[in-house]
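Topology and contacts: notes
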Amino acid sequence: MPKLIVAGPFAAPDHVLAGHPERPSRVTAAIAGVDDLMLDTDRIDLETRLATFEELAAVHDDAYLRELEAFCKAGGGKLDPDTYASPVSWDAAREAAGAGLAAVDALANGRGDFAFVVARPPGHHALPDRAMGFCLVNNVAVTAAALAAAGERVMIIDWDVHHGNGTQALFWDDDRVCYVSTHQDHFYPGTGALDETGGPNARGSTVNIPLPAGATGDVMARALDEVVAPVVARFGPTWMLVSAGYDAHRDDPLADLALSSGDFAHLASIVRAFVPSPGRLAFFLEGGYELDAVRASVAATAGALMGSDHAVQPATNGGPGAEAVSRARAVHVEPREHDLW
Amino acid sequence: MVKTIVVGVDGSLDSSRAVEWAYELAEQVGARVVAVHAVGLLEHEIGDPGGDHLRPRLSEWTAPLDQLPPDRVERRLVAGDPVGAIGAAVSECGADLVVVGTRGIGNRHGERLGSTSAHLAEQCACALVIVPRAG
Ligand SMILES: [Zn+2]
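Keep in mind that what you see is a predicted model, and the values were worked out from it rather than measured.

Parameters at a glance
Residues numbered from 1 in each chain as written. Chains lettered and ligands numbered in written order. Predicted model: local features only at pLDDT ≥ 70, side-chain atom pairs only at ≥ 80, totals over all residues. Heavy atoms only, no water. Helix = DSSP H or I, 4+ residues; strand = E, 2+ residues; numbered from the N terminus. Buried < 20%, exposed > 50% of the residue type's maximum accessible area, 1.4 Å probe, protein only. Contact = heavy atoms within 4.5 Å. Areas by Shrake-Rupley, 256 points an atom, 1.4 Å probe, with all protein chains shown as cover. Pairing = 2+ DSSP bridges. pLDDT = per-residue confidence, 0-100. Core = buried A, V, L, I, M, F, W, Y, C linked by side-chain atoms within 4.5 Å. Phe/Tyr/Trp six-rings, centres within 6.5 Å; stacked < 30°, edge-to-face > 60°.

**Let's talk about the overall build of chain B**
In terms of helices and strands, chain B carries four helices and five strands. For chain B, the proportion of its 135 residues judged to be buried stands at 53%. By sequence separation, contacts in chain B at least 24 residues apart represent 71% of the contacts at least 6 residues apart. Carbon and sulfur atoms provide 52% of the accessible area of chain B, an area that totals close to 6000 Å².

**Let's talk about the pairing of strand E5 (residues 114–119) of chain A**
As a general feature of sheets, a regular strand has side chains that alternate between the two faces. Residues and elements named next belong to chain A. Burial analysis of E5 places six of its six residues in the buried class, the great majority of the element. Neither face of E5 is exposed, since Phe114, Phe116 and Val118 on one face and Ala115, Val117 and Ala119 on the opposite face are all buried. Pairing of strand E1 (residues 4–10) with E5 involves five bridges; the strand directions are parallel. Among the inter-strand pairings, Leu4 is bridged to a residue of E5, identified as Phe114.

**Quick notes on the confidence of the model for chain B**
Residue and element names in this part refer to chain B. Of all residues in chain B, 84% attain a pLDDT of 70 or more, and the chain-wide mean is 85. Mean pLDDT across the secondary structure elements of chain B bottoms out at helix H4 (residues 115–123), with 78, and peaks at strand E1 (residues 4–8), with 97. The low-confidence segment residues 104–114, where pLDDT is below 50, has 36 contacts with residues more than four positions distant or belonging to other chains. Predicted complex, confidence summary: ipTM 0.83, pTM 0.93.

**Considering the nonpolar core**
Residues and elements named next belong to chain A. Counting 66 residues, the largest nonpolar core has Met155, Ile157, Trp159, Met240, Tyr246 and Leu281 as its most contacted members. Excluding residues that lie within four positions of it along the chain, Ile157 makes contacts with Val180, Leu224, Val228, Met240, Leu241, Val242, Ser243, Val271 and Phe274. By size, the runner-up hydrophobic cluster in this structure holds 49 residues, among which are Leu46, Val142, Leu170 and Ala282.

**Points about the packing of aromatic side chains**
All names here are of chain A. Under the counting rule described, the total for this entry stands at six aromatic pairs over all chains. Between the aromatic rings of Phe116 and Phe283, the centroid separation amounts to 5.7 Å while the plane-to-plane angle is 25 degrees, which identifies the pairing as stacked. You can see Phe116 sitting in strand E5 and its partner Phe283 sitting in strand E10 (residues 281–285), a full 167 residues away along the chain. Each of the two residues, Phe116 as well as Phe283, counts as buried.

This is the structure we're talking about:
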């Protein structure tokens with residue numbers, strides 16, 4: 001049996017704003033999804049640590065980090081119309097980022113086959129110099145930067161319904177990290193168009209696959225099979241990180257894709273097959289605001305990794321998006337089929 | 001000198017002062033005004049994917065601009081955060097001036113200088129006016 005490393009749960013109960021959907025119970029729901037699998041000795045609950053200032057500064061500006069720490073310690077408040085901080089948020093952000101670093105350390109040391117970082121606040125909208133979209137520190141990027149600095153080639157697959165503009169910006173011109181995103185088209189945060197493919201030193205290492213509202217699980221699976229699989233073959237990652245948001249679920253109140261929890265089992269099994277060698281796959285909780293959907297989808301994801309069929313909702317199909325996948329293939333795959341990376 | 005003004009709008013009292021200020025300047029110098037509202041992550045909860053439910057509200061928030069000739073007024077809903085949305089509007093419209101309220105449009109409930117205003121002050125490619133709250 002494979003072993004699942006669980007980094008968390010870090011629900012950050014005092015990083016909270018009344019009525020805000022990015023709330024501690026999201027993490028409680030996600031860890032309940034892991035608990036539902038009853039993995040017993042196949043589950044390793046990891047001791048983690050706070051990320052250091054230097055580790056965060058690998059992706060964020062020093063001035064932003066100092067300002068964020070001071071802002072939190074002065075009582076917090078709104079950082080943009082969507083994003084808040086409380087007095088504990090600085091430590092919560094360091095805890096969430098540190099959990100990712102600890103998870104890949106544990107994987108590198110052979111302690112497990114897959115890792116799931118069950119923490120908040122989420123990270124993929126956080127930019128080098130500012131908080132955005134509920135995110136303070138870019139957790140997956142902190143881990144990717146640490147791996148890249150150690151000579152690894154990292155692929156980040158972001159299946160959150162929103163485009164991870166922060167992660168894209170951080171690795172835009174860095175050919176050691178390939179950022180791949182499926183997301184709802186013409187939607188927050190307004191980035192992630194097909195023609196955003198990376199900077200001059202990293203052309204083709206940003207891969208955006210915008211999908212129309214209503215897209216179902218079969219469309220997401222096609223995107224992974226027909227667009228992402230050739231990119232994986234071309235890029236040759238040594239590590240695979242997943243920005244696992246669950247707001248593409250049909251019940252999520254913040255967006256309009258139409259996936260079921262069962263679809264996430266299928267997506268996870270496709271991603272598992274991309275992994276270059278055992279123990280090089282870590283999932284990071286991003287969005288997902290409907291608690292039952294988060295719980296069932298996390299169970300489906302982790303269940304698929306572990307080879308136990310836990311998907312209770314059937315997979316979905318028949319939604320729009322086949323043409324969007326073809327367009328993405330035309331941009332990201334076909335022109336490069338004969339190129340060497 | 002000032003041909004195109006971008007004004008950041010969020011429906012707050014601070015932003016309505018910014019709209020008034022932008023209108024008065026535009027009236028005097030014959031400039032065009034582009035009002036920008038950033039459609040945030042939270043706004044989806046109350047509405048539809050295209051943000052069309054926000055259009056009437058944006059018109060309401062920018063009512064003073066109706067006193068200008070229609071071809072000198074544009075209202076935009078842009079997905080994203082205010083700093084990014086205003087920055088994009090500035091480069092797309094070739095704006096000469098950005099006008100925002102004191103707390104910017106990003107910190108309605110905050111207690112310090114709005115993060116939007118502060119970030120725009122650092123990053124804006126053109127002149128920036130931050131309209132004070134009092135007086
Ligand atoms: Zn999201």
